Number of protein chains: 4
Amino acid sequence: MTKSKSYHLNSTKIAEATKEWLAKRGVTTSQIAELVIFLQKEYFPDLTMEECEQYVEAVLSKREVQNAVLTGIQLDMLAEEGKLLSPLQEVIENDEGLYGCDEILALSIVNVYGSIGFTNFGYVDKLKPGILKKLNDKEDAACHTFLDDIVGAIAASASSRLAHRKQAEREGAMGPPLD
Amino acid sequence: MTKSKSYHLNSTKIAEATKEWLAKRGVTTSQIAELVIFLQKEYFPDLTMEECEQYVEAVLSKREVQNAVLTGIQLDMLAEEGKLLSPLQEVIENDEGLYGCDEILALSIVNVYGSIGFTNFGYVDKLKPGILKKLNDKEDAACHTFLDDIVGAIAASASSRLAHRKQAEREGAMGPPLD
Amino acid sequence: MTKSKSYHLNSTKIAEATKEWLAKRGVTTSQIAELVIFLQKEYFPDLTMEECEQYVEAVLSKREVQNAVLTGIQLDMLAEEGKLLSPLQEVIENDEGLYGCDEILALSIVNVYGSIGFTNFGYVDKLKPGILKKLNDKEDAACHTFLDDIVGAIAASASSRLAHRKQAEREGAMGPPLD
Amino acid sequence: MTKSKSYHLNSTKIAEATKEWLAKRGVTTSQIAELVIFLQKEYFPDLTMEECEQYVEAVLSKREVQNAVLTGIQLDMLAEEGKLLSPLQEVIENDEGLYGCDEILALSIVNVYGSIGFTNFGYVDKLKPGILKKLNDKEDAACHTFLDDIVGAIAASASSRLAHRKQAEREGAMGPPLD
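Sequence positions are assigned chain by chain, starting from 1 and proceeding in written order. Here every chain gets a letter starting at A, and every ligand a number starting at 1, in the order they are written. Reporting of local features is limited, given that this is a predicted model, to residues whose pLDDT is at least 70; pairs of side-chain atoms are given and counted only at 80 or more, and all residues count toward the totals for whole chains, interfaces and linings. Side-chain numbers come from the whole structure's heavy atoms, not from hydrogens or water.

Undergrad: It is not clear to me how the relation of the copies chain B and chain A should be interpreted in this structure. Could you clarify?
TA: A rotation about some axis, followed by a shift along it, carries one copy of the chain onto the other. Superposition of the copies used a least-squares fit over C-alpha atoms from residues whose pLDDT is at least 70 in both. Least-squares fitting of chain B to chain A yields an RMSD of 0.0 Å, with the superposition described by an axial translation of 0.0 Å and a rotation of 180 degrees. Put plainly, the chains are arranged around a two-fold axis. Among all C-alpha atoms of chain B, that of B:I104 lies closest to the rotation axis, at 3.6 Å. Residue contacts are counted whenever heavy atoms from the two residues lie within 4.5 Å of one another. Interface residue correspondence from chain B to chain A reaches 100%, placing this contact among same-surface, isologous pairings.

Okay, structure coming up:
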């Protein structure tokens, strides 16, 4: 299409929209941090919420993650408003089992911190602890087909980052190898 | 959201919508088959259009592929109509370089026929031969941010299927190992 | 290197080696089928072992899956024999937490049946039911750093295939969309 | 297997081995930087070798990348020495077309900098400029089935990092969103 000549990407705007959209859809950094604690407490019993929130913030600062969050939430909202075309509307609205684009976007988040996050993603996506249970509650009018996978992926990525950080601390290194 | 009790997935409907949406967006099986010939003619000089169209049809019959096609085209159309929220609207409308969800969906298509298709996908996505050049022409009112990657991915997948088939023929086997 | 002029890929040989190597490493089709039942029994209470074994066989017939199985088992065996170079030898021998190439190969298996298998892979990889527990038992002389992820991935893929099949049956279709 | 009680991961050792193994296999940072220039010079005509080498170094500092480099080179070396079991030995030795584990490991490198690198990976993997042509020369005794894909992936990842950096500079931001 005829592109507006004046378009300039503004990363700050995209980062801010990511936080705003998550908040608007009922997801807080603190709820995602709780998932990180759920996943990691047996390995790091002293883990604090404050620490986990920092890992979540770090994940959310990545552009690749922001792209997936915005795209997934947008599709959820449009499905909720009935604005997608049939049959995609029904597929997303009903979180249909053979539809995997939600897992695809989630995986693009996990990948940023490497493959060690796959297991944690699958685990919370199956068990649906905390906020994931709430997002998955199909009794209200909201559609979170994409968001529940995305939130699980952010928690899994934050867990990967934590694993890299803890290793770096153990070795007395100045920084993590995968940042 | 309160799910309609009467929802039943209908695979035929999804397969048909995939073809209709591609046609509506100006992409024919024959144009994708031309990309397959572009990618494979040096290895198989006798390759016919008819044969390539069959490989493309086979790729398009996979549910995972249909999901990606429908989701990508839907986002393109909504961007074209200005119905996405800012800043996602501007990002997709301008096919912004740091936005990678289009490549992500494309890769989910390539993956179905295995990793040997990655190279072919990247190659046509960079060179933009045939229909890809037309889709990428930014002078008209259409937005094909997702569709050009998706069409390249279908052609790459059809090339992978062809490689498996040709091997099976060579061995006189009854069927291909990756179908 | 100077390639032997006489090399011709033989798919049958690769398929047979896959079964032999799995057997040699202590993994049977039936043990993988048990993982499929573990993953799917709540959705399909009437699922039989025989049926699940057929899904597992179908997964194992794919070339992409065979490649990952052979490569992973080979690395496990070389690590067991101490034949890898340091520090890779120690990393694989100790199934080191920041090493993710085992998950990478596993994911290439799951991908063949599409993204809906990611969740099941992560779930069994975390819980380690049945054969996975045995493979993960670090008290004996064997190294299964790659194999436990690979077996979990085969079970997750077989579950995806089952989901596609059951849908096709429900619709009375002749075949599954993702085969 | 009975794990040595004294095992402690040493990230520095793994980082150093990555550089040493690449050098030993005939690949220098400068040759990879040349691939980055090949991929990016049309977009950034002022790009210097020094700058590109820094991007390559940054990619090589990531643990996920180091894992893939070490694993791929190890398999190449073992194939060269004829130490893999048949039929995997012949498959890797002959860089067989339906074997995709090399692309799989390469993709795990590209993923760390997000999906925008897929296209560049496929493009250099097909065209084989510079060092890739040398690695792919099948007339000598060396086997680089994994290494050529890995080197292409490092160059594609360095290009992605460059794209993020340049955007950050343009916006006057202090740091890149995807680091």
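Undergrad: Would you mind going over the interface of chain C and chain A with me for this structure?
TA: Quoted interface sizes are often the accessible area lost when the parts come together. Taken together, the contact pairs 24 residues of chain C with 24 residues of chain A. Of the roughly 2,000 Å² buried between chain C and chain A on both sides combined, carbon and sulfur atoms contribute 70%. Counted as a polar contact is a pair of N or O atoms within 3.5 Å, where, for protein atoms, one must be capable of donating a hydrogen and the other of accepting one, and residues adjacent in sequence contribute only when both atoms are in side chains. Summed over the shared surface of chain C and chain A, the result is six residue pairs in polar contact (both at pLDDT 80 or more). Counting residues per element, the side of chain C that touches chain A draws most heavily on helix α7 (residues 118-127) of chain C, which supplies nine residues. A class-by-class count of the residues in the side of chain C that touches chain A yields 13 nonpolar, eight polar and three charged. What gets called buried area is simply the loss in accessible area from a 1.4 Å probe that two parts show on being joined, summed for both. Only DSSP runs of H or I with at least four residues qualify as helices, and only runs of E with at least two residues qualify as strands; both kinds are numbered from the N terminus onward. Residue polarity is assigned by list, with Asp, Glu, Lys and Arg as charged and Ala, Val, Leu, Ile, Met, Phe, Trp, Tyr, Cys and Pro as nonpolar; anything else, Gly included, falls into the polar class.

Undergrad: How do you make sense of the packing of helix α3 (residues 49-60) of chain B against helix α9 (residues 145-171) of chain B when you look at a structure like this?
TA: Two numbers describe a pair of packed helices, the interaxial angle and the distance between the axes. Residue and element names in this part refer to chain B. Between N-to-C directions, angles span 0 to 180 degrees; the directions come from axes that are lines fitted to C-alpha atoms, helices contributing only their stretch in contact. Between α3 and α9, whose axes approach to 9 Å, the crossing angle comes to 110 degrees. Here α3 lies roughly perpendicular to α9, going by the angle between them. The two elements α3 and α9 meet at a crossing, and its hand is right-handed. Residues E51, Y55, V56, A58, V59 and L60 of α3 lie in contact with α9, whose contacting residues are I154, S157, A158, R161, L162, R165 and K166. Taken together, the residues of the contact of α3 with α9 sort by class into eight nonpolar, one polar and four charged. Here roughly perpendicular refers to angles of 65 to 115 degrees, roughly parallel to angles under 35, roughly antiparallel to angles over 145, and oblique to all remaining angles. Two helices crossing with the near one rotated counterclockwise from the far one by less than a right angle form a left-handed crossing, whereas a clockwise rotation gives a right-handed crossing.

Undergrad: I tried to follow the interface of chain B and chain A on my own but got confused; where do I start?
TA: Facing the 47 residues of chain B at the interface are 47 residues of chain A. Each partner contributes to the roughly 4,000 Å² buried at the junction of chain B and chain A, and carbon and sulfur atoms together form 66% of this total. Salt bridges are identified by distance alone: a Lys or Arg side-chain nitrogen within 4 Å of an Asp or Glu carboxyl oxygen. In this assembly, chain B and chain A are joined by two salt bridges. Among the ionic pairs, A:R63 bridges to B:E96, the shortest N-O distance being 2.8 Å. At the level of elements, α1 (11-24), α4 (63-80), α5 (88-93) and α6 (101-111) of chain B are the ones that each hand at least two residues to the side of chain B that touches chain A. With twelve residues, the single largest contributor to the side of chain B that touches chain A is α4(B). Classifying every residue of the side of chain B that touches chain A by side-chain character gives 25 nonpolar, nine polar and 13 charged.

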